[in-house]
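# Coordinate inspection notes
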Amino acid sequence: MAFDLSLYLVTDRQLSLGRDIEWIVTEAVKGGVTMVQLREKDCSTREFINLATSLKQQLKDLHIPLIINDRIDVALAVDADGVHIGQNDMPYSLARKLLGPDKIIGLSVESVGQVEEANMLDVDYIGISPVFGTPTKTDTSQPFGLKGTAEAVKLSRHPAVGIGGINEKNAFEVMQTGINGIAVVSGICSAPDPAEAAKRLKMLSHTNSH
């Protein structure tokens, strides 16, 4: 499946100011989000599946891929477009075996060494994480920063999306690293108007997308 990483929304219930995830996704898509990753750490499997099923219906007609964070079982259950896995989740080879050749699999990389390891895998894209330090991700390694991100992009043979602390103030600079897109969490989920926030980020992300 073809996909566009330029503005990648990662959902976060904790950062949604009590608002409905589906509503946030709907609004963000109006503003120009090109991919949606459903990330749920705390809800039940049934609730996760219900939400994913509903979002899949909504995004399918718009040809926007729905990516499930970490949970291969949920991705399979709802026939999502793909999964995003971290370094401590299911190994890539197993995820690929379970999901088949046609699904999108993204992998988080937290160091230059991990970028090199990812080059040996047939993943569809990598998530460079974190670009900047962020309160939502306290368990990750040293931030890449702009210079490190540019180096990782150069080194990677896969398309790359940056995540971690990316907002309207720095999105333009992040795109200047040659990256394929920006992944945004609180910049959209916590925005008073997610559609408007997405629209502004989209303009910034398109300054250099290729």
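Scroll up to find the structure this text is about.
I will try to describe carefully the structure that is included in this document.

Rules of the game
Residues numbered from 1 in each chain as written. Predicted model: local features only at pLDDT ≥ 70, side-chain atom pairs only at ≥ 80, totals over all residues. Heavy atoms only, no water. Axes fitted to C-alpha atoms, helices over the stretch in contact; angles between N-to-C directions. Helix = DSSP H or I, 4+ residues; strand = E, 2+ residues; numbered from the N terminus. Left-handed = near helix turned anticlockwise from the far one by under 90°. Contact = heavy atoms within 4.5 Å. Nonpolar A, V, L, I, M, F, W, Y, C, P; charged D, E, K, R; others polar. Pairing = 2+ DSSP bridges. Buried < 20%, exposed > 50% of the residue type's maximum accessible area, 1.4 Å probe, protein only. Phe/Tyr/Trp six-rings, centres within 6.5 Å; stacked < 30°, edge-to-face > 60°. Arc of directions from axis to C-beta.

The next point concerns the packing of helix H1 (residues 21–31) against helix H9 (residues 194–205). At a minimum axis distance of 7 Å, the contact between H1 and H9 shows a crossing angle of 40 degrees. H1 and H9 meet at a crossing whose hand is right-handed. Between H1, through Trp 23, Ile 24, Glu 27, Ala 28, Lys 30 and Gly 31, and H9, the contact on the second element is made entirely by Pro 194, Ala 195, Ala 198, Lys 199 and Lys 202. For the contact of H1 with H9, the residue count by class is six nonpolar, one polar and four charged.

The next point concerns the environment of Gly 187. Inspection of the secondary structure puts Gly 187 in helix H8 (residues 186–189). Measuring from C-alpha to C-alpha, the distance between Gly 187 and Lys 41 comes to 19 Å, with 146 residues separating the pair along the chain. Residues in contact with Gly 187, not counting those within four places in the same chain, are Ala 197 and Leu 201.

Before going further, it helps to spend a moment on the sheet that holds strand E6 (residues 125–128). Spatial ordering of the closed barrel is given by E1-E2-E3-E4-E5-E6-E7-E8, a layout of eight strands whose pairing is parallel. Looking at each pair of strands side by side, their axes are set apart by 25 degrees on average, direction ignored. Pairing between strand E5 (residues 104–109) and E6: four bridges, direction parallel. Pairing of Gly 106 across the sheet is with Tyr 125, part of E6. Against the sheet, helix H4 (residues 92–99) makes contact with strand E4 (82–85) and E5, and its axis sits at roughly 165 degrees relative to E5, the strand it touches most. Here H9 sits on the sheet in contact with strand E1 (7–10) and strand E8 (181–184), set at roughly 140 degrees to E1.

Topologically, Ala 80 is positioned in the loop between helix H3 (72–78) and E4. Take Ala 80: its relative accessible area is 2%, and that puts it in the buried class. When the C-alpha positions of Ala 80 and Arg 96 are compared, they lie 14 Å apart, and in sequence the two are 16 residues distant. Those residues in contact with Ala 80, other than ones at most four positions away along the chain, are Lys 56, Leu 66, Ile 68, Ala 75 and Lys 103.

Below, the discussion takes up the packing of aromatic side chains. Under the defined criterion, the tally for this structure stands at two aromatic pairs. Within the aromatic cluster, the residues linked to one another by ring pairs are Phe 3, Tyr 8 and Tyr 125.

Take helix H6 (residues 145–155) next. Buried residues of H6: Gly 145, Gly 148, Thr 149, Ala 152 and Val 153, and no others. Taken end-on, H6 shows its buried residues confined to a sector of 140 degrees, consistent with a single buried face. Away from the buried face of H6 by more than 90 degrees, exposed residues Lys 147 and Lys 154 are located. Where H6 is buried, its residues meet helix H5 (112–119), E6 and strand E7 (160–163).

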